[in-house]
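Each chain, written out:
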Amino acid sequence: SPVPATRVELTVSCRQLLDRDTFSKSDPLCVLYTQRPGSHQWREFGRTEVIDNSLNPDFLHKFVLDYCFEERQNLRFDLYDVDSKSPDLSKHDFLGQAFCTLGEIVGSAGSRLEKPLIGIPGKKCGTIILLAEELGNCRDVATLQFCANKLDKKDFFGKSDPFMVFYRSNEDGTFTICHKTEVVRNTLNPIWAAFAIPVRALCNGDHDRAIKVEVYDWDRDGSHDFIGEFTTSYRELARGQSRFNVYEVVNPRKKMKKKKYLNSGTVTLLSFAVEAEHTFLDYIRGGTQLNFTVAIDFTASNGNPSQPTSLHYLSPFQLNAYSLALRAVGDIIQDYDSDKMFPALGFGAKVPPDGHVSHEFPLNGDASNPACHGIAGVLEAYQRSLRHVQLYGPTNFAPVVNRVARSAATVLDGSQYFVLLIITDGVISDMAQTKEAIVNAAKLPMSIIIVGVGQAEFDAMVELDGDDIRISSRGKVAERDIVQFVPFRDYMSGGPGAGLSMAGLAREVLAEIPDQLLSYMKARGIKPSPHP
């Protein structure tokens with residue numbers, strides 16, 4: 001399963017619960033149930049404490065969950081009025097329940113979601129209020145720069161080639177390497193480049209813990225000569241450039257041998273700065289919205305939609321690959337888009353009334369507003385347009401990429417981030433134009449997801465993905481990797497495991513989005529808005 005992006009703490013409150021006790025108010029308890037990805041079975045995750053005589057409880061007990069953006073994490077909250085000490089829930093009165101996803105809570109304004117409690121026919125059961133907070137494990141990043149003076153000369157010809165190695169100390173007195181500077185060639189007075197390191201890596205959150213630094217003279221054969229060492233701590237380094245942050249580099253063996261030995265040079269801290277590393281959730285909580293656009297391949301290479309062999313065949317019994325991919329990705333992304341309106345486009349078909357070929361026609365037929373309501377609306381518009389357009393060609397991606405890029409170019413302040421999902425059978429005709437469009441889009445707040453359906457060779461899509469070789473056009477290299485390609489067939493199991501494979505597809509497709517959003521914000525120096 002994916003590495004959880006972060007851990008989230010849920011706080012539960014309720015308002016206007018049903019009163020089930022005759023002589024006093026209800027004594028509510030909340031039970032949280034979760035599902036494993038791809039499974040429909042609810043498992044109890046935990047219970048809050050019982051609050052006596054309250055219809056408006058604010059529970060103190062918090063639920064701590066691993067949060068994964070790329071998974072649909074279903075939650076169910078059941079409320080009971082506790083009448084005895086029994087742990088058996090059937091012995092207590094049911095007060096109602098609420099269903100949601102963790103993404104829904106996190107994606108709500110201020111990560112606060114209010115829902116009506118349901119489950120008792122004909123009765124108003126009150127509301128539940130869910131608040132999600134990311135657990136802060138020290139996310140600070142320190143940036144340090146050092147220089148040295150009069151280091152020992154170690155090389156027979158020329159001076160030394162110094163570099164430094166940093167170690168943090170562990171509870172048991174051992175040391176763990178955490179950073180190595182670059183080598184500065186042929187000097188006894190090196191100035192090393194500034195480097196950034198998570199404070200966690202430097203001292204594991206304990207500001208007084210020893211940090212050991214060793215200075216070496218680099219040798220090509222790997223037998224680097226030890227010049228000397230010094231110790232410091234995060235607290236000392238945090239004082240910044242000062243007389244306290246000039247360290248004598250000492251070689252203990254020389255010190256023992258020579259009476260007059262002072263040191264093997266000095267190392268000076270030139271600068272120190274620390275800032276919090278922002279996370280994907282910081283931006284989502286600060287109100288950044290994900291804008292989701294879908295583009296579907298209507299080219300003739302998909303096969304005639306009236307034939308069961310076609311990738312666009314609409315069977316009364318099951319969704320085709322296009323619909324499945326759309327559902328799998330859309331169901332997760334829609335939690336982060338408050339208006340739930342998704343522009344949906346088609347490309348590579350002849351469209352009415354005059355049968356011209358279009359590479360960005362609205363699936364809902366409304367050129368002025370191609371947005372559909374919810375993923376269900378997109379699916380409906382897709383199925384409708386299959387009946388009205390003629391599959392044709394060529395397969396041009398650049399027009400839809402440029403269209404979303406134009407929208408993204410109007411909102412550069414970090415309040416919106418655009419995600420374009422292209423579902424295609426993978427045969428692309430305008431590779432050069434698409435590469436150029438992607439290189440230009442890499443400067444904008446947008447990401448592109450390509451899902452390849454069918455059995456074609458997807459070499460061109462793999463090239464666009466740019467995981468191994470960053471994509472370039474006319475000698476310009478994309479400044480960020482913004483494309484993620486996934487072949488749908490890897491997840492086509494059909495049968496009873498289909499739900500699981502769709503969860504796997506969504507995971508694979510969405511896994512890179514949080515880091516891509518962060519890379520844009522960081523490159524533009526955009527900080528998350530304070531939580532509303």
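Anything mentioned here points back to the structure above.
Residues numbered from 1 in each chain as written. Predicted model: local features only at pLDDT ≥ 70, side-chain atom pairs only at ≥ 80, totals over all residues. Heavy atoms only, no water.

**Q** Lay out the pattern of salt bridges in plain terms, naming residues and giving numbers.
**A** The full count for this structure, using the stated rule, is 20 salt bridges. Across the salt bridge formed by Glu275 and Lys527, the nearest N and O atoms sit 3.9 Å from each other. Of this pair, Glu275 sits in strand 16 (residues 266-276) while Lys527 sits in the segment after helix 12 (513-523); the two residues are 252 residues apart in sequence, bridging distant segments of the chain. The class for Glu275 is partly exposed, based on a relative accessible area of 49%. (Salt bridge = Lys/Arg side-chain N within 4 Å of Asp/Glu carboxyl O. Helix = DSSP H or I, 4+ residues; strand = E, 2+ residues; numbered from the N terminus. Buried < 20%, exposed > 50% of the residue type's maximum accessible area, 1.4 Å probe, protein only.)

**Q** Tell me about the pairing of strand 9 (residues 140-149), and please be specific about residues and values.
**A** Sheet faces and side chains relate simply in a regular strand, where the side chains alternate between the two faces. Taken together, the 10 bridges between strand 9 and strand 16 define a ladder with antiparallel strand orientation. Residue pairing across strands places Asn149 opposite Thr266, the latter belonging to strand 16. Two strands pair when backbone bridges link them, and strand 9 and strand 12 (residues 195-198) are joined in this way by four bridges, in the antiparallel orientation. Residue pairing across strands places Val141 opposite Pro198, the latter belonging to strand 12. (Pairing = 2+ DSSP bridges.)

**Q** Go over the packing of aromatic side chains, please, and point to the residues and values.
**A** Taken as a whole and judged by the stated rule, the model has 18 aromatic pairs. Ring geometry for Phe45 and Phe63: centres 6.4 Å apart, planes at 70 degrees, overall edge-to-face. Highlighted residues: Phe45 in strand 3 (residues 42-47) and Phe63 in strand 4 (residues 63-67), separated in sequence by 18 residues. Centre to centre, the rings of Phe69 and Phe280 are 4.9 Å apart; their planes meet at 70 degrees, and the pair counts as edge-to-face. Of this pair, Phe69 sits in the loop between strand 4 and strand 5 (74-81) while Phe280 sits in helix 5 (residues 280-285), and the two are 211 residues apart along the sequence. (Phe/Tyr/Trp six-rings, centres within 6.5 Å; stacked < 30°, edge-to-face > 60°.)

**Q** Describe helix 8 (residues 398-409), and please don't skip the residues or the numbers.
**A** Between its terminal C-alpha atoms helix 8 stretches 16 Å, which fits the 16 Å expected from 12 residues at 1.5 Å a residue. The complete set of buried residues in helix 8 reads Ala398, Val400, Val401, Val404, Ala405 and Ala408. Each buried residue of helix 8 sits inside an arc of 165 degrees when the element is viewed along its axis, so together they form one side. Looking at the buried residues of helix 8, the elements they touch are strand 17 (289-297), strand 18 (341-347), strand 24 (416-424), helix 9 (431-441) and strand 25 (446-452). (Expected span 1.5 Å × (residues − 1). Arc of directions from axis to C-beta. Contact = heavy atoms within 4.5 Å.)

**Q** Please set out the pairing of strand 25 residue by residue, giving values where relevant.
**A** Counting buried positions along strand 25 gives seven out of seven residues, so the element sits mostly inside the fold. On strand 25, burial covers both faces: Met446, Ile448, Ile450 and Gly452 on one face and Ser447, Ile449 and Val451 on the other are all buried. Note: strand 24 against strand 25, seven bridges, orientation parallel. Within strand 25, the residue paired with Ile422 across the bridge is Ile450. The parallel pair strand 24 and strand 25 is bridged by helix 9, and the resulting crossover is right-handed. (Right-handed = clockwise from strand over helix to strand, strands pointing away.)

Limitation: the analysis is restricted to geometry and does not speak to function.
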